[in-house]
Structure formats: C-alpha cells, structure tokens
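Listed here are the chains, written in short residue letters.
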Amino acid sequence: MSKPVRQHIGSVALVVADYDEAIEFYTKKLLFNLVEDTDLGGGKRWVLVSPPNSNGTNLLLAKASGETQARYVGDQTGGRVFLFLHTNDFWRDYEQMKSVGVVFNEAPRAEEYGTVVVFQDLYGNKWDLLQLKQPPQDK
C-alpha cells in the first residue's frame, strides 16, 4: 500500500532590497514572527518570517541579487495582489496596521466571501488582508 499524497507549501520567496528593513517591516508592522535568520556567507542570508500562529507556510525574504532581480522588488506580480493574509479578526488587524503606517490602497469592503482590503508592503507589493465568512475546513 502506498502512502497518500500529502504536500504543503513550506515557503514563498519574496524578493527584497534589504534583509534588515524587510525584517523590520514584517515583524514590527505586520507583527510576523522571525522564524530564522541564518548567515549563508557572501552577503546572503536565509530569512524566514511567518504570521503569528501560522500553519507553517513562511515567507523567505530573498535579497535581490543583480539588476534583473532588483527590478522586480515591489512588483513580483505585475501590479496584481501577490499574497493573501487571512485573519480571524479583520478589524483588529486593520486598525493595528493602520496605526503603524501600513499603506492601504482602498477602504475595507464587504464581499460575498468576507471582509477584505488591499494593502502594500514596504516595497509596494500588494496584499489582501482577508477575513473569510466561512473559514476553509482542514483536510
């Protein structure tokens, strides 16, 4: 009997201009946890951040290496929303983020699926802050 397929996304790479300023933004403004910060030598680091009480998916903060990568800092998806930060208390997180100067692209809105607002990280990547009406069931 073979094992059932069980996979998950462990990390998503986010190209950043500077490790320390990115860590500062994610840990101080979005209140993420610094999971790991390991020096790999040659100016490279393995930096993982994660939302509080996350299910294990991390952001890998990857410093741009060279001009080509640097061009995509803040625009990894051509202006589309890139990442979706789910929360169990939209208004708590929205007010906290607003109080520390996070940039919002719009006013919060109620949609059929939940409450959502688009915000930007320190480089301009677009995110959704989202509280679903019905949280997805774990499988």
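Residues numbered from 1 in each chain as written. Predicted model: local features only at pLDDT ≥ 70, side-chain atom pairs only at ≥ 80, totals over all residues. Heavy atoms only, no water.

In the nomenclature of an unreviewed UniProt entry, the protein is known as VOC family protein of Shewanella jiangmenensis.

*Asks:* I'd love a proper account of the sheet that holds strand E3 (residues 44–50), names of residues and values included.
*Replies:* The 4 strands lie next to each other as E1-E4-E3-E2, forming an open sheet whose pairing is mixed. Each edge of the sheet is formed by a strand with only one pairing partner; in this case those strands are strand E1 (11–16) and strand E2 (33–41). Pairs of neighbouring strands in the sheet enclose a mean axial angle of 25 degrees, with direction left out of account. Sheet topology note: the E3/strand E4 (residues 58–63) ladder contains 3 bridges and is antiparallel. Each residue of the ladder has a partner; that of Val47, found in E4, is Leu61. (Pairing = 2+ DSSP bridges. Helix = DSSP H or I, 4+ residues; strand = E, 2+ residues; numbered from the N terminus. Axes fitted to C-alpha atoms, helices over the stretch in contact; angles between N-to-C directions.)

*Asks:* Run through the pairing of strand E8 (residues 114–120), naming residues and quoting values.
*Replies:* Where burial is concerned, most of E8 is hidden: 6 out of the 7 residues are buried. Where strand E6 (residues 103–104) lies against E8, 2 bridges are found, and the strand directions are antiparallel. Residue Phe104 lies in a different strand from E8, and its bridge partner there is Phe119. Two strands pair when backbone bridges link them, and strand E7 (residues 109–111) and E8 are joined in this way by 3 bridges, in the antiparallel orientation. By the bridge assignment for E8, Arg109 is matched with Val116. Connecting E7 to the next strand, E8, in antiparallel fashion are 2 residues. Bridge count between E8 and strand E9 (residues 126–132): 7 bridges; the pairing is antiparallel. Among the inter-strand pairings, Thr115 is bridged to a residue of E9, identified as Gln131. (Buried < 20%, exposed > 50% of the residue type's maximum accessible area, 1.4 Å probe, protein only.)

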